[in-house]
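Structural overview
Read off the chains here:
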Amino acid sequence: MTETAADSEEAPKENEKGYVLITEAYLNLRAEPSTEAEVVSQLECAAEVTILADSDEWYQVQSGDKTGYVYKKFITNSYDEARAAMLE
């Protein structure tokens, strides 16, 4: 299993760039840090986001003109890792 940002000592910090780390479909950008919250947008694998805040298992991120929450384990600070996931 690939180590993710949530497992790594080098997890992205606030106001750093991060990259979406998924292997299928899209990552939901949610209005609140909950899987029950409204989906405000969907992010593709390896999409760049700016991390605005760290909240337990969630990051508040900005992608383009959209701001919302994503589950931490799907964000990495390594573009190469995100790109490799996209190619799987």
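Provided above is the structure to which this section pertains.
Quick look at the structure, then. Computed from a prediction, not measured in an experiment: that's the story for all the values here.

Quick notes on helix H1 (residues 79-87)
For H1, the complete set of buried residues consists of Glu81, Ala82 and Ala85. Down the axis, H1 shows its buried residues gathered within 100 degrees of arc, on one side only. More than 90 degrees from the buried face of H1, the exposed residues found are Asp80 and Leu87. Among the structural elements, strand E1 (17-20) and strand E7 (75-76) are those in contact with the buried residues of H1.

What to know about the environment of methionine 86
As for its placement among the helices and strands, methionine 86 is situated in helix H1. For the pair methionine 86 and valine 20, spaced 66 residues apart in sequence, the C-alpha separation works out to 9.4 Å. With sequence-adjacent residues up to four places away left out, methionine 86 is seen in contact with Ile22, Cys45 and Ala46.

Observations regarding the pairing of strand E4 (residues 48-55)
For a regular strand, side-chain orientation follows a simple rule: the groups alternate between the two sheet faces. The sheet contact formed by E1 and E4 spans three bridges and is antiparallel. Across the sheet, the residue bridging to tyrosine 19 is glutamate 48, located in E4. In terms of strand pairing, E4 meets strand E5 (residues 58-63) through five bridges, oriented antiparallel. Counterpart to isoleucine 51 in the pairing with E5 is valine 61. Here E4 hands over to E5 after two residues, with aspartate 56 in that stretch at a positive phi of 50 degrees.

A few points about the nonpolar core
One recurring pattern in soluble globular proteins: nonpolar side chains tend to sit buried together. Within the largest apolar cluster, 14 residues are counted, with the highest numbers of intra-cluster contacts made by Val20, Leu27, Leu43, Val61, Val70 and Ile75. For this core, the secondary structure elements donating two or more residues are strand E2 (27-30), E4 and E5. Those residues in contact with valine 70 that lie beyond four places of it in its chain are Leu27, Asn28, Leu29, Leu43, Glu57, Trp58, Tyr59, Val61 and Ile75.

Description of the packing of aromatic side chains
Applying the stated criterion across every chain, the model contains three aromatic pairs. Aromatic side chains tryptophan 58 and tyrosine 71 sit 5.4 Å apart centroid to centroid with 75 degrees between the ring planes, which places their arrangement in the edge-to-face category. Taken together, the positions of tryptophan 58 in strand E5 and tyrosine 71 in strand E6 (residues 66-71) put the pair 13 residues apart, joining distant regions of the chain. Of the residues examined, tryptophan 58 reaches a relative accessible area of 10% and is grouped as buried. Given the relative accessible area of 26%, tyrosine 71 is considered partly exposed. Taking the centre distance of 6.1 Å and the plane angle of 50 degrees together, the rings of tyrosine 71 and phenylalanine 74 count as tilted. For phenylalanine 74, a relative accessible area of 28% puts it in the partly exposed group. One aromatic cluster is present, formed by Trp58, Tyr71 and Phe74 through successive ring pairs.

Cut-off values and rules
Residues numbered from 1 in each chain as written. Predicted model: local features only at pLDDT ≥ 70, side-chain atom pairs only at ≥ 80, totals over all residues. Heavy atoms only, no water. Buried < 20%, exposed > 50% of the residue type's maximum accessible area, 1.4 Å probe, protein only. Helix = DSSP H or I, 4+ residues; strand = E, 2+ residues; numbered from the N terminus. Arc of directions from axis to C-beta. Contact = heavy atoms within 4.5 Å. Pairing = 2+ DSSP bridges. Core = buried A, V, L, I, M, F, W, Y, C linked by side-chain atoms within 4.5 Å. Phe/Tyr/Trp six-rings, centres within 6.5 Å; stacked < 30°, edge-to-face > 60°.

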